[in-house]
Amino acid sequence: MSDSSLRLVWVYPDLLSTYGDQGNVLVVERRARQRGLEVSRVDVRSDQPVPTSGDIYLIGGGEDRPQRLAAERLRRDGGLSRAVANGAIVFSVCAGYQILGHEFVNDLGEKEPGLGLLDVVSTRGEAARCVGDVLADIDGRLNLPPLTGFENHQGVTHLGPTARPFARVRFGNGNGTGDGTEGAYNDTVFGTYMHGPVLARNPQIADLLLKLALDVNALPPTDDRWYEALRQERIAAATQPA
Ligand code: GLN
């Protein structure tokens with residue numbers, strides 16, 4: 001960490017914050033405070049520079065046009081890429097996930113460069129939009145319980161050799177390539193199609209981000225009964241569709 005407090009950065013809430021994705025930063029913030037950590041949170045609007053000294057960056061989903069604007073500004077700004085070069089942790093959702101890749105198809109039907117922080121390329125899916133509750137198994141190396149989330153995207157994401165699939169779907173689409181993968185990650189950068197907010201449904205992922213940022217193997221336990229009730233309700237919704 002850069003100083004004594006944990007620095008959270010919520011990137012472009014004015015452009016990228018659909019389906020309650022702001023909840024992700026609230027969950028990380030709360031779980032850090034519950035562990036007695038001092039936390040400072042910076043919400044960076046798209047007309048402001050992205051600070052390079054953050055510890056954990058969160059980016060949400062967005063509609064197609066705001067997604068293009070966000071990609072343009074993040075490329076021009078360069079702060080997020082510098083933060084990752086400094087070792088920051090990034091957790092991104094849907095449009096944010098696509099922007100972190102090498103390229104995606106924008107609202108004008110053109111290929112838009114991303115930041116290249118994840119080895120993925122996104123195209124526009126030919127099939128119906130992927131919408132609904134998802135249940136997936138997170139990569140065993142991360143040692144996390146099953147992933148529950150909600151997806152709503154047209155984009156399809158292909159993984160390159162240096163991106164690992166974040167999860168494999170049991171119900172739902174995820175990356176939408178037909179190979180069963182959902183999301184992608186490398187050592188410090190994570191991307192997922194899951195909304196929910198996904199960290200409210202999967203607080204263990206928020207703890208993983210904290211552990212990576214703090215460089216510790218474990219955190220003190222928390223009372224997760226409310227989270228667990230939400231998880232069970234949403235897992236039932238994914239596995240027993242109406
Ligand atoms: N615009 C992107 C897509 O449709 C991302 C959508 C989202 O963030 N919900 O694929």
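Residues numbered from 1 in each chain as written. Predicted model: local features only at pLDDT ≥ 70, side-chain atom pairs only at ≥ 80, totals over all residues. Heavy atoms only, no water.

The protein goes by Lipid II isoglutaminyl synthase (glutamine-hydrolyzing) subunit GatD in an unreviewed UniProt entry, where it is assigned to Streptomyces xinghaiensis. Heading Pathway (unreviewed entry) of the UniProt record for the protein holds this comment: "Cell wall biogenesis; peptidoglycan biosynthesis." (UniProt positions renumbered as here; feature names shortened; annotations may be inferred.)

Engineer: Break down the overall build of the protein for me, with residues and values.
Structural biologist: Within the protein one finds seven helices and 13 strands. The C-alpha atoms of the protein give a radius of gyration of 17 Å, which matches the 18 Å a tight globule of 242 residues would have. A principal-axis box enclosing the C-alpha atoms of the protein has dimensions of 50 × 45 × 30 Å. Of all 242 residues assigned to the protein, the portion counted as buried reaches 52%. (Helix = DSSP H or I, 4+ residues; strand = E, 2+ residues; numbered from the N terminus. Rg over C-alpha atoms; globule rule 2.2 N^0.38 Å. Buried < 20%, exposed > 50% of the residue type's maximum accessible area, 1.4 Å probe, protein only.)

Engineer: Can you explain the sheet that holds strand E11 (residues 164-171)? Please cite residues and give values.
Structural biologist: Reading across the sheet, the nine strands line up as E2-E1-E3-E4-E13-E12-E11-E8-E9 and stay open at both edges, with mixed pairing between neighbours. Looking along the sheet, the strands with just one partner apiece sit at the ends: strand E2 (39-44) and strand E9 (147-153). Adjacent strand axes in the sheet meet at a mean angle of 25° when their direction is disregarded. With respect to the sheet, helix H6 (residues 203-214) is in contact with strand E1 (6-11), strand E3 (56-59), strand E4 (89-93), strand E8 (130-138), E9, E11 and strand E13 (189-192), its orientation differing from that of E4 by roughly 155°. (Pairing = 2+ DSSP bridges. Axes fitted to C-alpha atoms, helices over the stretch in contact; angles between N-to-C directions. Contact = heavy atoms within 4.5 Å.)

Engineer: Run through the site of the ligand, naming residues and quoting values.
Structural biologist: Neighbouring residues of the ligand: 14 residues in total, closest Gly 62, Asp 64, Cys 94, Gln 154 and Gly 155. For the ligand, a nitrogen atom lies 2.4 Å from a polar atom in the side chain of Asp 64. In the environment of the ligand, a nitrogen atom lies 3.5 Å from a nitrogen or oxygen atom belonging to the side chain of His 195. Contact with the protein chains hides 97% of the accessible area of the ligand, taken as 300 Å² for the molecule alone. Contributions of two or more residues to the shell around the ligand are made by helix H2 (64-77), helix H4 (95-100) and E9. (Near = heavy atom within 4 Å. Polar contact = N/O pair within 3.5 Å; in protein donor to acceptor, adjacent residues only side chain to side chain. Areas by Shrake-Rupley, 256 points an atom, 1.4 Å probe, with all protein chains shown as cover.)

Engineer: Summarise the pattern of salt bridges; cite the residues concerned and give the values.
Structural biologist: Taken as a whole, this structure holds 19 salt bridges when the rule is applied. The partner of Arg 170 in a salt bridge is Asp 137, and the shortest N-O contact between them spans 2.8 Å. Of the two residues, Arg 170 is situated in strand E11 and Asp 137 in strand E8; the sequence distance between them amounts to 33 residues. Here Arg 164 makes a salt bridge to Asp 187, at a shortest N to O gap of 3.4 Å. Of this pair, Arg 164 sits in strand E11 while Asp 187 sits in the loop between strand E12 (181-185) and E13, and the two are 23 residues apart along the sequence. Judged by relative accessible area, Arg 164 falls into the partly exposed class, the value being 24%. What you see here is one network of salt bridges that share partners, running through Glu 29, Arg 33, Arg 41 and Asp 43. (Salt bridge = Lys/Arg side-chain N within 4 Å of Asp/Glu carboxyl O.)

Engineer: Give me the lowdown on the packing of helix H1 (residues 22-34) against H6, citing residues and values where you can.
Structural biologist: At their nearest, the axes of H1 and H6 sit 9 Å apart, and the two run at 65° to each other. With respect to their mutual orientation, H1 and H6 come out roughly perpendicular. Note that H1 runs across H6; the crossing there is right-handed. Judged by residue contacts, Val 27, Val 28, Arg 31 and Ala 32 of H1 engage Pro 203, Ala 206, Asp 207, Leu 209 and Leu 210 from H6. Of the residues in the contact of H1 with H6, the class split is seven nonpolar, no polar and two charged. (Parallel < 35°, antiparallel > 145°, perpendicular 65-115°, else oblique. Left-handed = near helix turned anticlockwise from the far one by under 90°. Nonpolar A, V, L, I, M, F, W, Y, C, P; charged D, E, K, R; others polar.)

Engineer: Now, about the nonpolar core: what can you tell me, with residues and values included?
Structural biologist: In this structure, Ile 56, Leu 80 and Leu 199 are the most contacted members of the largest nonpolar core, which totals 68 residues. Of the residues forming this core, the biggest block, seven residues, is contributed by H6. Aside from chain neighbours lying at most four places away, what touches Ile 56 is Leu 6, Arg 7, Leu 8, Val 9, Val 28, Ile 89, Leu 209, Leu 210 and Ala 213. (Core = buried A, V, L, I, M, F, W, Y, C linked by side-chain atoms within 4.5 Å.)

Engineer: I'd like a rundown of the UniProt feature "binding site: substrate" (unreviewed entry) in the protein, residues and numbers included.
Structural biologist: The UniProt record annotates "binding site: substrate" (unreviewed entry) at Arg 129. You can see Arg 129 is positioned in the loop between strand E7 (120-124) and E8. Judged by relative accessible area, which is 39%, Arg 129 ranks as partly exposed. Leaving out residues up to four positions away in the same chain, Arg 129 has contacts with Asn 152, His 153 and Gln 154.

Engineer: Talk me through the side chain of Ser 5; I want residue IDs and the actual numbers.
Structural biologist: Mapped onto the fold, Ser 5 is located in the segment before E1. By relative accessible area, Ser 5 is classed as buried at 11%.

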